[in-house]
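Spelled out, the chains give:
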Amino acid sequence: MTTVIPNPGLGTFRLQGDALKSAVTEALDLGFRHIDTAQFYDNEAEIGELLATADVARADLFLTTKVWHENLASEKFIASVRESLARLKTDYVDLLLIHWPSPEEAVPMEEYISALLEARKLGLTRHIGVSNFTTRQLRQAIDIAGPGQILTNQIEVHPYLQNETVVNFCQQQGIVVTGYMPLAVGKVLEDSTLASIAGKHGTSIPQVVLAWLKHRDIVAIPSSTKRAHLEANLKAFELGLSEEDLSAIRTLDRNERIANPDFAPEWD
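Not measured: the values here are computed from a predicted model.

Student: How should the overall build of the protein be read in this particular structure?
Tutor: Of the regular secondary structure elements, the protein holds 10 helices and eight strands. The C-alpha radius of gyration computed for the protein amounts to 18 Å, which stays within 12% of the reference 18 Å derived for 268 residues, consistent with globular compactness. When the backbone C-alpha atoms are referred to their principal axes, the protein occupies close to 55 × 40 × 30 Å. With 268 residues in all, the protein has 54% of them scored as buried. Counted over contacts in the protein with a minimum sequence separation of 6, partners at least 24 positions apart contribute 77%.

Student: Can you walk me through the pattern of salt bridges in this structure?
Tutor: For side chains bearing opposite charge, pairing can occur when the charged atoms are close. One pass over the structure, following the stated rule, counts 13 salt bridges. A salt bridge links R227 to E26; its shortest N-O distance comes to 2.6 Å. Here the residue R227 occupies a position in helix α9 (residues 227-235), and E26 occupies one in helix α1 (residues 17-30), the gap between them amounting to 201 residues. One salt bridge connects D245 with K200, and the closest N-O pair in it is separated by 2.5 Å. One end of the pair, D245, is in helix α10 (residues 243-250); the other, K200, is in helix α7 (residues 192-201), with 45 residues separating them in the sequence. Residue classification places D245 among the buried residues on the basis of a relative accessible area of 1%. Since its relative accessible area comes to 49%, K200 is described here as partly exposed. Each of the salt bridges in this network shares a partner with another, and the network as a whole consists of E26, D29 and R227.

Student: Is there a simple way to explain the sheet that holds strand β6 (residues 150-156) in this structure?
Tutor: Strand pairing in a sheet is mediated by backbone hydrogen bonds. Such pairs are either parallel or antiparallel. Taken in spatial order, the eight strands line up as β1-β2-β3-β4-β5-β6-β7-β8 in an open sheet, and their pairing is parallel. Looking at strand neighbours, the two that pair on one side only are β1 (10-11) and β8 (218-220), the edges of this open sheet. Note that strand β7 (residues 176-180) and β8 share three bridges and pair parallel. In the sheet register, V177 faces β8, and the bridge partner there is I218.

Student: I would appreciate a short explanation of the pairing of strand β3 (residues 62-67) in the present structure.
Tutor: For a regular strand, the rule is simple: side chains alternate between the two faces of the sheet. Counting buried residues along β3, six of its six residues qualify, which places the element largely inside the surrounding structure. Burial along β3 is two-sided: the residues F62, T64 and K66 and L63, T65 and V67 are all buried. Here strand β2 (residues 34-36) runs beside β3; their pairing, made up of three bridges, is parallel. Its bridge partner being in β3, H34 is matched across the sheet by F62. Between β2 and its parallel partner β3, the chain crosses via helix α2 (residues 44-53), and the hand of that crossover is right-handed. Where β3 meets strand β4 (residues 93-98), four bridges bridge the pair, whose relative direction is parallel. Within the sheet, the bridge partner assigned to T64 lies in β4 and is L95. With helix α3 (residues 74-88) bridging β3 and its parallel neighbour β4, the resulting β-α-β unit is right-handed.

Student: Explain the layout of surface pockets to me, please; I cannot follow it from the model alone.
Tutor: To find the voids left in a structure, one rolls a probe of water-molecule size over its atoms. In this model, the largest pocket occupies a volume close to 750 Å³. Lining the largest pocket we find 34 residues, and of these F13, R14, M181, V185 and S223 sit closest to its centre. Breaking the lining of the largest pocket down by element, the ones donating at least two residues are α8 (205-215) and α9. Classifying every residue of the lining of the largest pocket gives 19 nonpolar, 12 polar and three charged.

Student: I'm lost on the packing of helix α4 (residues 109-121) against helix α5 (residues 135-145) in this one. Help?
Tutor: Packed helices, taken two at a time, are described by the angle their axes make and the gap between the axes. It is at 10 Å that the axes of α4 and α5 come closest, and there the two elements cross at 55°. Taken together, the axis directions place α4 and α5 in an arrangement best described as oblique. Crossing of α4 against α5: the hand is right-handed. Facing M109, E110, I113, S114 and L117 of α4, the residues of α5 in contact are Q137, Q140, A141, I144 and A145.

What counts as what
Residues numbered from 1 in each chain as written. Predicted model: local features only at pLDDT ≥ 70, side-chain atom pairs only at ≥ 80, totals over all residues. Heavy atoms only, no water. Helix = DSSP H or I, 4+ residues; strand = E, 2+ residues; numbered from the N terminus. Rg over C-alpha atoms; globule rule 2.2 N^0.38 Å. Buried < 20%, exposed > 50% of the residue type's maximum accessible area, 1.4 Å probe, protein only. Contact = heavy atoms within 4.5 Å. Salt bridge = Lys/Arg side-chain N within 4 Å of Asp/Glu carboxyl O. Pairing = 2+ DSSP bridges. Right-handed = clockwise from strand over helix to strand, strands pointing away. 1 Å grid on protein atoms, 1.4 Å probe; cavity = no way out; pocket = protein on both sides within 12 Å on 5 of 7 lines; lining within 4 Å. Points joined across faces, edges and corners; volume = space filled by probe spheres on them. Nonpolar A, V, L, I, M, F, W, Y, C, P; charged D, E, K, R; others polar. Axes fitted to C-alpha atoms, helices over the stretch in contact; angles between N-to-C directions. Parallel < 35°, antiparallel > 145°, perpendicular 65-115°, else oblique. Left-handed = near helix turned anticlockwise from the far one by under 90°.

This is how it looks when you write it as C-alpha cells:
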C-alpha cells in the first residue's frame, strides 16, 4: 500500500521547549519530513519557529495538525484552523484531522466534517482525515464526506492494542491507518517476546515494533528526542519479520488502551 503520508513521521505529543527543539531539529537532519502536531499539544508555535528556520523547503515537508473538540462547531472551526496556521507560520497544512469525535455528539458530525471539507476547499489543508474514530463513526464520516475523501484515521496501535477491527475496516475502505503510541509509552520495552524477536534479528524492541507496523501498512509516528533513537526508527523500516515473528506478536494483543479520556467514544 502506498500513501502520500511519509512513513515514519515524528510525533510531538508532550514535547515542548528543548525536548521539542532536539526532536524536530535532529529528525529533519536525519531525513524525516513528516511532523505531527495538534492544537491540543500547545506546541504549534514552537514547531512553526523551528520549521521557519530549518534548512528544509516547506514543499518538502508533510505537516499534520488536528482540530480540538472544543473548536468543532462551525462558528469556531475555520477560525481555529487559521490560528493554527498562523502559529505554524505556514499558509496550509498537508493534513488536517478531527482530533476526537465530538463528545456525546454535542456537535453533529455533519457540521464538523462539512467544516473539514470547507477547510480543504479554502486551501488551508491539502488532505483531510480523522483521529480516534470507531468503525461506526467512520461509516458516518464517509457518508458525509463521500468515498475516498478521508485520507487517514489516526488511532492508538501497539502490540498490546492491535486494533484489528478498525485497522481492517480502514484498509478495506482505502483509508490509511496512522498509528500513535506505537511503543505503548515504553511498556513494550520490557516485553520478553519482543526481546526474543529483537535478539534473533540483532536489533532493538522499538525497531521490531516499527517493522511490525510497516508490515501491517500502518504509518507510525513515534516520538523521540534522541538522535540515535530517531536514526534507529528510520532503520527499522529495513527490517523484515518472519511469519513466526508476526504470529508471536499477534499473541500479545490484550486490548490495553492507553489514550482513553472520559470523552472517548465507545470503542470497537
